[in-house]
Amino acid sequence: MRIPDIELANISRFRAEQMGAAMLFIILFHVGIDRWDPFFGLRRTGNVGVDIFLFLSGVGLWYSWTRMADSGMDIRSMLLRFFRNRYVRIYPAWLIMASAYYIPRFHGTTMKEWADLIGDITINWDFWLYDELTFWYIPAIMMLYTIAPFYMILIRKHPMYRWLPLISIIWCVMVQWVIPIHNAVGHLEIFWSRVPIFLLGINFGSIVQRKQTIDGQAVWMLAAIWTLTFGTCLYLEQQRHGHFPLFVERMLYIPFTITTIMLLNRIFRRMPARVNSLMRFVGAVSLEAYLIHSHFVLCHIEKMHLGYWPTFLLTAVITMPLAWLLHTLIEKVTCKIIAK
C-alpha cells in the first residue's frame, strides 16, 4: 500500500491546531511534579511547545512578508506595517498582564525601584539584564520579530544566507563554553538557543508556500528522527536533569520540533472536525493563555494539591475562557489599528 506524500502545505493548513497543541504542551510543562516521579522526564519535554510556537511563527512571518512584497509595497511601508501588526498583536495583552503581575508585588520607594518596575512592565528588562523568567517568552519573541524582517530581506536577496541558523547554533556553543562570551551574555541562554528554530521556521516558510511535497516513504525517517530525539530528551530529563547544559537539549529540540509538527499534521488530517476546532480555538488564544495560565491560575490551583492531571485539566479549563475574554476585548481595539 502506497503511503500518501507528506504535504508541507499542511504546516500552514494546521498551523492553528499546532499552536493549540503547543500551548497544552507548555501548560503540561509548567505543572509541578516530583523530581523522581516516572512522569518527570515526559513532563519536561513539554518545553518543546515553545520551539513549536517559534517555528510556526517563523513560517507565518514569511507568508506575511512575501504577501506585502508581492503587492508592490516599498520597504519602508512594509517595515512599518510589519512592526505595527506584530507588536499590536502582542503588546496590549502583555502590558495588561505584566501590570497585573508586577504592580501588586511592588513595594519600592526609590527612583531605581520605580524605574525597574516601569522597565519590567514595558519591556521586561529584567529578563535581558538578569534572566528573570516570569514572562521571558514575550521579550524574546518581540526581539525575534525585530530582527525577522531584516533576515527575510537578506535571504530574499541572497539565498545563501539561509544557512545563518547554523551560525546561530555555533553561537550557542560559544555562549556556553567560551568563557568571556559566557560571562557577558550566558544568562540569556534560553533566548540564544531558540534563535535557530525561529530562523528555520522562516526558511521553511518558502517551502510551505510553494506547497512542496515529500515522498510518503519519508514518514519512516521522520518517525525515526522523532523517536531518537524524543527518547534522548526523555532520558536526559529523567536521568540526567541538572547535569548537562540545557542548550544541548534545545539543539535536539530542533529536529524534535520539525518532526513533531510533520507527524502531528498527519494526525490532524484524521482528527474529527470538533477536535480540530477545539485545538484551533486554543491556538487562537495561545498568547493570552501563555500570559495567564502560570502566574494567575496554576499558582493557585497547585496549592490545592489535586495531583498532576487534575491540576493540568483544571488549569486549562479555567485559563482558556479567561484567555478568550482578554483576546476578544483587545481585538476590538487592535483590529481597527491593524486595518488602517
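The structure presented is a predicted model; accordingly, all values stated were derived computationally and were not measured.

J.: Would you explain the packing of helix α5 (residues 75-102) against helix α16 (residues 286-301) in this entry?
T.: Between two packed helices, the angle of one axis relative to the other and the distance separating the axes together describe the packing. It is at 9 Å that the axes of α5 and α16 come closest, and there the two elements cross at 10 degrees. The pairing of α5 with α16 is recorded here as roughly parallel in orientation. For the pair formed by α5 and α16, the contact residues are Arg89, Ile90, Ala93, Trp94, Met97, Ala100 and Tyr101 on the first element and Leu287, Glu288, Leu291, Ile292, His295 and Phe296 on the second.

J.: What is the right way to read helix α13 (residues 218-239) from this model?
T.: The α-helix winds at 3.6 residues per turn, so residues separated by three or four positions along the chain end up facing the same way. In this model α13 runs 31 Å from its N-terminal to its C-terminal C-alpha over 22 residues, within 8% of the 32 Å that 1.5 Å per residue would give. All buried positions along α13 are accounted for by Ala218, Val219, Leu222, Thr229, Phe230, Cys233, Leu236, Glu237 and Gln238. Here the buried face of α13 lies against β1 (6-7), α3 (40-44), β2 (213-214) and α14 (246-268).

J.: What am I meant to see in the environment of Glu288 here?
T.: Topologically, Glu288 is positioned in helix α16. Here Glu288 falls in the buried class, since its relative accessible area comes to 1%. A sequence separation of 54 residues divides Glu288 from Leu234, and the C-alpha atoms of the two residues are 29 Å apart.

J.: I tried to follow the side chain of Ser57 on my own but got confused; where do I start?
T.: Its place among the elements puts Ser57 in helix α4 (residues 48-70). Among the polar contacts made by the side chain of Ser57, one reaches the main-chain carbonyl oxygen of Phe53 at a distance of 2.8 Å. Those residues in contact with Ser57 that lie beyond four places of it in its chain are Arg15, Met19, Tyr137, Tyr145 and Phe198.

J.: Is there a simple way to explain unusual backbone geometry in this structure?
T.: Most peptide bonds take the trans configuration, and most residues that are not glycine carry a negative phi. Positive phi, close to 55 degrees, is recorded for Lys211, a residue that is not glycine. Looking at where Lys211 falls in the secondary structure, it is placed in the loop between α12 (195-209) and β2. Positive phi is not limited to glycine here, since His305 has a value of about 55 degrees. Judged by relative accessible area, His305 falls into the exposed class, the value being 71%.

J.: How do you make sense of the packing of aromatic side chains when you look at a structure like this?
T.: Each aromatic ring pair is described using two quantities: the centre-to-centre distance and the angle formed by the ring planes. The full count for this structure, using the stated rule, is 29 aromatic pairs. Here the guanidinium or amino end of Arg86 rests over the ring plane of Phe82, the centre of that ring lying 5.2 Å away. Over the ring of Tyr101 we find Arg105; its NZ or CZ atom is 3.8 Å from the centre of that ring.

J.: How do you make sense of the environment of Val285 when you look at a structure like this?
T.: Along the polypeptide, Val285 turns up in the loop between α15 (273-284) and α16. Judged by its relative accessible area of 1%, Val285 is buried. Expressed as a C-alpha distance, the spacing of Val285 and Leu322, which sit 37 residues apart in the sequence, is 9.4 Å. Setting aside its immediate chain neighbours within four residues, Val285 contacts Met320, Ala323, Trp324 and His327.

J.: I would appreciate a short explanation of a nonpolar patch on the surface in the present structure.
T.: On the surface, Leu278, Phe281, Trp324, Leu325 and Leu329 cluster together to form a nonpolar patch covering roughly 490 Å² of accessible area. It is helix α17 (residues 308-339) that provides the largest number of residues to the nonpolar patch, a total of 3 residues. Position of Leu329 among the secondary structure elements: in helix α17.

J.: Can you help me understand α4 in this one?
T.: For α4, which comprises 23 residues, the first-to-last C-alpha distance of 33 Å matches the rise-based estimate of 33 Å (1.5 Å per residue) to within 8%. Across the 23 residues of α4, 19 count as buried, placing the element largely inside the fold. Positioned one or two residues after α4, Gly72 has a phi angle of 90 degrees, which is positive.

J.: Is there a simple way to think about the packing of helix α2 (residues 15-30) against α15 in this case?
T.: At their nearest, the axes of α2 and α15 sit 7 Å apart, and the two run at 70 degrees to each other. Our classification of the angle between α2 and α15 gives roughly perpendicular. Contacts between α2 and α15 involve Ala16, Glu17, Met19, Gly20, Ala21, Met23 and Leu24 from the former and Asn276, Met279, Arg280, Val282 and Gly283 from the latter. For the contact of α2 with α15, a count of residues per class yields 7 nonpolar, 3 polar and 2 charged.

J.: Please clarify how the state of the cysteines should be interpreted in this entry.
T.: Such a bond, covalent and formed between the sulfur atoms of two cysteines, is termed a disulfide. Going through the model one piece at a time under the given rule, you end up with 0 disulfides. Cys233 forms no disulfide, and the closest cysteine sulfur to it belongs to Cys172, at a distance of 15 Å. Given the relative accessible area of 0%, Cys233 is considered buried.

J.: Whenever I open this one, the pattern of salt bridges confuses me. Can you help?
T.: When the charged atoms of two side chains lie near each other, side chains of opposite charge can form a pair. All told, the structure shown has 5 salt bridges when counted by the stated rule. A salt bridge links Arg44 to Glu237, with the shortest nitrogen-to-oxygen separation between them at 3.2 Å. One end of the pair, Arg44, is in helix α3; the other, Glu237, is in helix α13, and 193 residues separate them in sequence. Judged on exposure class, the residue Arg44 and its partner Glu237 are both buried. A salt bridge links Arg250 to Glu189; the shortest N-O distance between them is 2.6 Å.

Thresholds, definitions, all that
Residues numbered from 1 in each chain as written. Predicted model: local features only at pLDDT ≥ 70, side-chain atom pairs only at ≥ 80, totals over all residues. Heavy atoms only, no water. Axes fitted to C-alpha atoms, helices over the stretch in contact; angles between N-to-C directions. Helix = DSSP H or I, 4+ residues; strand = E, 2+ residues; numbered from the N terminus. Parallel < 35°, antiparallel > 145°, perpendicular 65-115°, else oblique. Contact = heavy atoms within 4.5 Å. Expected span 1.5 Å × (residues − 1). Buried < 20%, exposed > 50% of the residue type's maximum accessible area, 1.4 Å probe, protein only. Polar contact = N/O pair within 3.5 Å; in protein donor to acceptor, adjacent residues only side chain to side chain. Phe/Tyr/Trp six-rings, centres within 6.5 Å; stacked < 30°, edge-to-face > 60°. Lys NZ or Arg CZ within 6 Å of the ring centre and 35° of its normal. Patch = residues over 30% accessible without salt bridge, like charges linked within 9 Å, V, L, I, M, F, W, Y side chains within 5 Å. Areas by Shrake-Rupley, 256 points an atom, 1.4 Å probe, with all protein chains shown as cover. Salt bridge = Lys/Arg side-chain N within 4 Å of Asp/Glu carboxyl O. Nonpolar A, V, L, I, M, F, W, Y, C, P; charged D, E, K, R; others polar. Disulfide = S-S within 2.5 Å.

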